[in-house]
Amino acid sequence: MPAPQLPGRARTTGRRVLVTGLGTFWGGRIAQALEADPTVDVIIGLDTTEPTVELERTEYVRVDANYSILAKIVRAARVDTIIHTFLVVDPTQMSKRAMHETNVIGTMNLFAAASAPDSTVRNVIVKSATAVYGCTPEDPTWFTEDTPPSRPLRRPIERSLDQVEGYVRDFAEDNPHVVVSLLRFSNVIGTEIETPLTRALELPIVPSMFGFDPRFQFVHEDDVVSSILYVLDNDLSGVYNVAGDGLLPWTEVASLCGKVTFPLPPYLPEALLWPAKQFAGVKLPEEYLNLLRFGRGVDNRKLKQAGFTYDYTSAQAVKAFIEAVRLRRTIGTGPPAYSYERDVEQFFRHSPAVVRDVPAYDRRKR
Amino acid sequence: MPKRVAAIAAAEAIEQVASSDLVHVPSTPRSPARPVVEDDATIRHGDVDEWGRSENMRRIARQLYEPIYSKWFRAEWEGLEKIPTDGGALIVANHAGAIPSDAPAIMHGIEKELERPVYGMADYFFRKVPVVGTMWSRLGGLPAHPDNAYRLLREQKQLVLVFPEGTKGTSKHMSERYQLARFGRGGFVEIAMRAGVPVIPIAVVGAEESMPIVAKVPAVAKAIGIPYMPITANMLALGPLGLVGYFPAKFKLRVLDPVYFNVEPDRERYSKSRIMDESERIRDNIQAALYDMLRERRSIWFG
């Protein structure tokens, strides 16, 4: 008996994918993974900055922060799939205003372009974060995709992502013919990604909150990429939490990393963090201070029921992270493996002298 | 990416195009197949479960609390066999004492006698208090949220303890002792219906006298953001030590007959009138049992 075919495999024509945030960690990794997929014909990557990873056939287009030129690109390239990875979930990356431009205005323009009357877009995947659930003492131990935040959201990242998700919902409602999926990722950790939490865990002494030891959930960066590809391949629509199994107390996370914790005073911890930020570059925004009090757990069963299998639990992801840190400590990070050179990239992509073959089919999550 | 892996991948890529004799742009190799990772059990350093409960901590607490339970309060159970030894059940009881002494006694008693954990649900207020919140969590406490209760009862088939009176019970003045306050909005009945588990009512006598409230200072409570600020008889008698020093009231705990609802579980909504009726009936039963036990009680201290 033939194996049941997944919808993604049954596709007769190749996908034409637009990836936002190509220069970011996620955009680059998603584009790399898509390049290895023969069913993807065209990959266009947008960003304000140049790609930081080596890409073989992805076309890079430099755009301004809020994608005002997007509608033109979507139309010209007949894009049918948009993977929106360029959402800032780390408040230390940019100012509040810049974050608003990138997240909210960027998403607004993206959906404006995707919902143009002659739009060819049929799939949209948005990479959001579990920060949209907020973080308060009233929270349930596990948030499901339907659990509303316990209190009105008021921190910049939470509100920004909430507004973004509002656009996603509106778009999905107005365009029932488009498969829209919204993935909410828990704290990402792994061998390469850098977040406020990984920076905190790489400090000699890990900050914690006195008298609190909340439980944290992690998702490995490889699971992030493979979940996005899985959702794409299987045309899943709707909202999905993406997080590894299990919750770990923060002190245990630190202990897994071989560190002890330094308790910050639970009242006005900013007083201690200010000098730490000035002199040691320790950035722990209020979203994370709150996480150090109450933590956050999300129910990851919906995506599992849709057939996705995680490679890492929370504990395994933390272990992978600390092993990578130890390796880097010994061998160093070395010079950047790759820098984007426009002319060279153009040559490889467009010169008739280059013979292009189909890359090996190595996507694991089919 | 280790250099060796990159080199191998590049060599493979070149091999693949050897027949075409032409330039090939080697792609950055994707991460090699995931290394064999150990089970969580071998990685983990602690035994804190997903709810925050730690059996190790709980065991230490049991050892420390046992003398208080059996020597100080001389807790005495009646009808313990009505609590199931497996399967989920929602335990409800009357709530008393400025810093309630009934929750630890019930949890300790059931864990000791039935050897199964009890998860105690409390106001989220606990979670905000440094140290106390963490200890509460490690010892099996969790914030009272319907989702938490459902998951524990329905999916994990655990025992869950709630006090439907909430802080209305513990903030009662001494003069109102053993007069049950309102049982919330009947949420506990709805959860038990949805989870398809019985409600097991327990009437507790003794907790009220272990730390009776003689006065309350609402202004202070408001200023420091706590539900109520009691002045207890213990504080008057023992000074600051009164915050932790319970009077040695004799504890008696009577387990009442389990209440089964015989409704289909997992429904979104249940009849509000049925919920309120059931809630009221359970409250009346506990109240009646309390009066009965008080009629039999000859001494606060000796039972």
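What counts as what
- Residues numbered from 1 in each chain as written.
- Chains lettered and ligands numbered in written order.
- Predicted model: local features only at pLDDT ≥ 70, side-chain atom pairs only at ≥ 80, totals over all residues.
- Heavy atoms only, no water.
- Phe/Tyr/Trp six-rings, centres within 6.5 Å; stacked < 30°, edge-to-face > 60°.
- Helix = DSSP H or I, 4+ residues; strand = E, 2+ residues; numbered from the N terminus.
- Buried < 20%, exposed > 50% of the residue type's maximum accessible area, 1.4 Å probe, protein only.
- pLDDT = per-residue confidence, 0-100.
- Contact = heavy atoms within 4.5 Å.
- Pairing = 2+ DSSP bridges.
- Axes fitted to C-alpha atoms, helices over the stretch in contact; angles between N-to-C directions.

S.K.: Would you mind showing me how to read the packing of aromatic side chains here?
M.R.: In this description, an aromatic ring pair is defined by two values, namely the gap between the centres and the angle between the planes. Residue and element names in this part refer to chain A. Tallied over the entire structure, the rule returns 16 aromatic pairs over all chains. Here the aromatic rings of Tyr133 and Phe143 are separated by 4.6 Å at their centres, their planes lie at 15°, and the arrangement is stacked. In this pair, Tyr133 is assigned in the loop between strand 5 (123–129) and helix 5 (156–174) and Phe143 in the loop between strand 5 and helix 5, connecting sequence segments ten residues apart. The same class applies to Tyr133 and to Phe143, which are both buried. An aromatic cluster of at least three residues, connected via ring pairs, comprises Phe216, Phe218 and Trp250.

S.K.: Which parts of the structure should I look at to understand the confidence of the model for chain B?
M.R.: As a note on interpretation, predicted positions should not be read in detail where pLDDT is low. Chain-level pLDDT for chain B is 87 on average; 88% of the residues reach the 70-or-more range. Long-range and interchain partners of residues 17–32 of chain B, a stretch whose pLDDT sits below 50, account for 28 contacts in this model, where long-range means more than four residues apart.

S.K.: Would you mind going over the environment of Gly45 of chain A with me for this structure?
M.R.: Residue and element names in this part refer to chain A. Within the secondary structure layout, Gly45 lies in strand 2 (residues 40–47). Along the primary structure Gly45 and Val63 are separated by 18 residues, whereas in three dimensions their C-alpha atoms are 9.8 Å apart. Apart from residues lying up to four places away in sequence, Gly45 is in contact with Val19, Leu22, Thr58, Glu59, Tyr60 and Val61.

S.K.: Explain the pairing of strand 9 (residues 252–255) of chain B here, please?
M.R.: For a regular strand, side chains alternate in direction, first toward one face of the sheet and then toward the other. Residues and elements named next belong to chain B. Here strand 1 (residues 76–78) pairs with strand 9 via three bridges, running parallel. Among the inter-strand pairings, Glu76 is bridged to a residue of strand 9, identified as Lys252. Across four bridges, strand 6 (residues 199–205) lies against strand 9 in antiparallel orientation. Directly across from Val204, in strand 9, lies its bridge partner Leu253.

S.K.: Before we go on, may I ask you to explain the sheet that holds strand 11 (residues 238–242) of chain A in this structure?
M.R.: By definition, the strands of a sheet pair up through backbone hydrogen bonds, in either a parallel or an antiparallel sense. Residue and element names in this part refer to chain A. What the seven strands build is an open sheet, ordered 3-2-1-4-5-6-11; its pairing is parallel. Two strands lie at the open edges of the sheet, namely strand 3 (59–62) and strand 11, each paired on one side alone. Strand after strand, the sheet turns through a mean of 20° between neighbouring axes, direction not considered. Against the sheet, helix 4 (residues 96–114) touches strand 1 (15–20), strand 4 (81–84) and strand 5, its axis set at about 175° to strand 4.

S.K.: So what exactly am I meant to see when it comes to the environment of Val217 of chain B here?
M.R.: Residue and element names in this part refer to chain B. Tracing the chain through its elements places Val217 in the loop between strand 7 (213–216) and helix 11 (218–224). Overall, the relative accessible area of 27% leaves Val217 in the partly exposed class. Spatially, the C-alpha atom of Val217 lies 5.3 Å from that of Met229, the residues being twelve residues apart in sequence. Once residues within four sequence positions are removed from consideration, Val217 is found in contact with Met229 and Ile231.

S.K.: Sorry, what's going on with the sheet that holds strand 1 of chain B here?
M.R.: Residue and element names in this part refer to chain B. Strands sit in the order 1-9-6-2-5-3-4 across an open sheet of seven strands; the sheet is mixed. Edge positions in the open sheet fall to strand 1 and strand 4 (141–143), since each of these has one partner strand only. Sheet twist, expressed as the mean angle between neighbouring strand axes with direction ignored, is 25°. Here strand 3 (residues 118–122) pairs with strand 5 (residues 159–162) via three bridges, running parallel. In the sheet register, Tyr119 faces strand 5, and the bridge partner there is Val160. The strands touched by helix 13 (residues 272–296) are strand 2 (89–93), strand 6 and strand 9; relative to strand 6, the strand with the most contacts, the crossing angle is about 30°.

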